[in-house]
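Reading the structure
Here are the chains, one letter per residue:
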Amino acid sequence: MTQTLPASGYIIGVDIGGTKVAAGLVDAAGTIESHLRVPMVSNASAEAGLDCVLAAIDSVLNAVKNREDVRAIGICAPGPLDPQTGVIINPPNLACWRDFPLAKKVADAYHVAVKVDNDANSAAFAEARWGAGRDYKNIFYATIGTGIGTGIILDGRIYHGRTGAAGEGGHVSIDYRGPRCSCGKLGCIEVLASGPAIAKRARAKLAALSSSKSSELLSLAKGSMEAVTTEMVGKAYATRDAVARETLRETIDLLSLWLGNMVDVLDPEAIIIGGGAATVLLPLFDQISELLPKYCVNPRAHEIAVLPAHYGADSGIAGGAALCYEAPRSAHLSH
Ligand SMILES: [Zn+2]
């Protein structure tokens, strides 16, 4: 897109995952007016995958009184992808698309500007424009859920790097002898502190617990260690359960070490943390602020705001929409 959008009208934000497409109508202030979900067919033809996306957009459009009010469509999708061209390269969980020109296909169908970026970059930008980061220009964003995704906002723009591959902070390792991550590397923060990693850590502690000790966490899981979820760890933490407290304290320590590294590289004004598992960690955010100065050399790390994300499960819809408001790259920077 070549021009900045007017501060009125609506954007359609689309969030493509391996099994569903979520789409919603978002106003210029970042309020999600409506949203819906349709199934995604990610293992058939490229066109079948595209049809799911178009079906989601059509459903949102059908509920809009005046279609002229829809100014643009912003899409977040799993990477790798090229945010400049809107081409989806080869995401492992979207087997239907290989070098697929998603932005062009959607623009051809609706004749509006279309922007595409990955989930975490998009969600980071929504936080910067409308959410917890709206008072800041330099932000490190992390979404902690099934994995750990990150986005870097520098001077009010998404930092993409040379090819669009920057901002993969979840695969920054903090232990070269650590467990193997799904990406192949050892000791990535994702394999140590994502939602599933929190549940796994708690299970290991329960397994090591002497049988004479009771645990609220184990009661929540009805006595079955295998049934322990991240959410249960959060509930047990609220009852001061020792296993849950130790699990979350260790997780916060690892995250703070990792965030300290990010602070030393980026010196951001704010760190914003979202995603499903962030809700569980929320009562311990203050500890991250306290630990950060210990884990970096930045003499003013104590001033960095550590904030919960504004957007929750709908961060992909807001993120997609926000992309349409990103200022165009200046001509001398593109090639
Ligand atoms: Zn990794």
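The sections below set out a description of the structure shown in this document. (Residues numbered from 1 in each chain as written. Predicted model: local features only at pLDDT ≥ 70, side-chain atom pairs only at ≥ 80, totals over all residues. Heavy atoms only, no water.)

**Digging into the overall build of the chain**
Secondary structure summary: the chain contains 11 helices and 12 strands in total. The globule rule puts the C-alpha radius of gyration for 335 residues at 20 Å, and the 21 Å found for the chain is close to it. With respect to the three principal axes, the spread of C-alpha positions in the chain is 65 × 45 × 35 Å. Buried positions account for 50% of the 335 residues belonging to the chain. When contacts within the chain are restricted to residue pairs at least 6 apart in sequence, long-range pairs at least 24 apart make up 63% of them. Charged side chains of the chain number 30 positive and 34 negative; the gap between the two group centres comes to 4 Å. (Helix = DSSP H or I, 4+ residues; strand = E, 2+ residues; numbered from the N terminus. Rg over C-alpha atoms; globule rule 2.2 N^0.38 Å. Buried < 20%, exposed > 50% of the residue type's maximum accessible area, 1.4 Å probe, protein only. Contact = heavy atoms within 4.5 Å. Lys, Arg positive; Asp, Glu negative; His and termini not counted. Charge placed at Lys NZ, Arg CZ, Asp CG, Glu CD.)

**Re the pairing of strand S4 (residues 70-77)**
Along S4, seven of the eight residues are buried, which leaves the element largely enclosed by surrounding structure. Summarising the sheet, strand S1 (residues 10-16) and S4 pair through six bridges and their orientation is parallel. Bridge assignment links Val14 to a residue of S4, and that residue is Ile75. (Pairing = 2+ DSSP bridges.)

**Focus on the side chain of Ser194**
Along the chain, Ser194 falls in the loop between helix H4 (189-193) and helix H5 (195-208). Those residues in contact with Ser194 that sit more than four places away from it in its chain are Ile144, Gly145, Thr146, Gly147, Ile148 and Ile189.

**A word on the environment of Ala321**
With respect to the secondary-structure elements, Ala321 resides in helix H11 (residues 315-323). Along the backbone, Ala321 and Thr163 are 158 residues apart, and their C-alpha atoms lie at a distance of 22 Å. Contacts of Ala321, omitting those with residues within four sequence positions, involve Ile11, Gly13, Val26, Gly74 and Trp130.

**Considerations on the coordination of the zinc ion**
For the zinc ion, the full set of protein donor atoms is His171 (ND1), Cys181 (SG), Cys183 (SG) and Cys188 (SG), and the range of their distances to it is 2.0 to 2.4 Å. Along the chain, the residues donating to the zinc ion fall in the pattern H-x9-C-x1-C-x4-C. Of this pair, His171 sits in the loop between strand S10 (157-158) and H4 while Cys181 sits in the loop between S10 and H4, and the two are 10 residues apart along the sequence. Like His171, the residue Cys181 is buried in the burial classification. (Donors = N, O, S within 2.8 Å, 3.2 Å for Na, K, Ca; no water.)

**Observations concerning unusual backbone geometry**
At the junction of Gly79 and Pro80, the peptide bond is cis and its omega measures out at 0° in the coordinates. Relative to the helices and strands, Pro80 is located in the loop between S4 and strand S5 (81-82). For Asp155, which is not a glycine, the phi torsion comes out positive at approximately 50°. For Asp155, the position within the fold is in the loop between strand S9 (148-154) and S10. Take Asp155: its relative accessible area is 58%, and that puts it in the exposed class.

**Observations regarding the sheet that holds S10**
Across the sheet, which stays open at both edges, the five strands sit in the order S10-S9-S8-S11-S12 with mixed pairing between neighbours. Each edge of the open sheet is held by one strand with a lone partner, namely S10 and strand S12 (305-308). In this sheet, strand S11 (residues 270-274) lies alongside strand S8 (residues 139-144) in parallel orientation, the contact comprising five bridges. What sits directly across from Phe140, in S11, is Ile271. Packed on one face of the sheet, helix H8 (residues 242-266) meets S8, S9 and S11 and runs near 155° to S8. (Axes fitted to C-alpha atoms, helices over the stretch in contact; angles between N-to-C directions.)

**Considerations on the pattern of salt bridges**
Counted under the stated rule, the structure contains nine salt bridges. The partner of Lys115 in a salt bridge is Glu326, with the nearest N and O atoms 3.5 Å apart. Residue Lys115 is located in strand S7 (residues 113-118), and its partner Glu326 is located in the segment after H11; the two are separated by 211 residues in the primary sequence. Accessibility assignment for this pair places Lys115 and Glu326 in one class, buried. (Salt bridge = Lys/Arg side-chain N within 4 Å of Asp/Glu carboxyl O.)

**Quick look at helix H1 (residues 46-62)**
For H1, built from 17 residues, the straight-helix expectation of 24 Å at 1.5 Å per residue is met to within 8% by its first-to-last C-alpha distance of 24 Å. Among the residues of H1, those classed as buried are Gly49, Leu50, Cys52, Val53, Leu54, Ala56, Ile57, Val60 and Leu61. Tucked into the core, H1 has its buried residues touching S1, strand S2 (20-27), strand S3 (32-39), S4 and helix H2 (102-110). (Expected span 1.5 Å × (residues − 1).)

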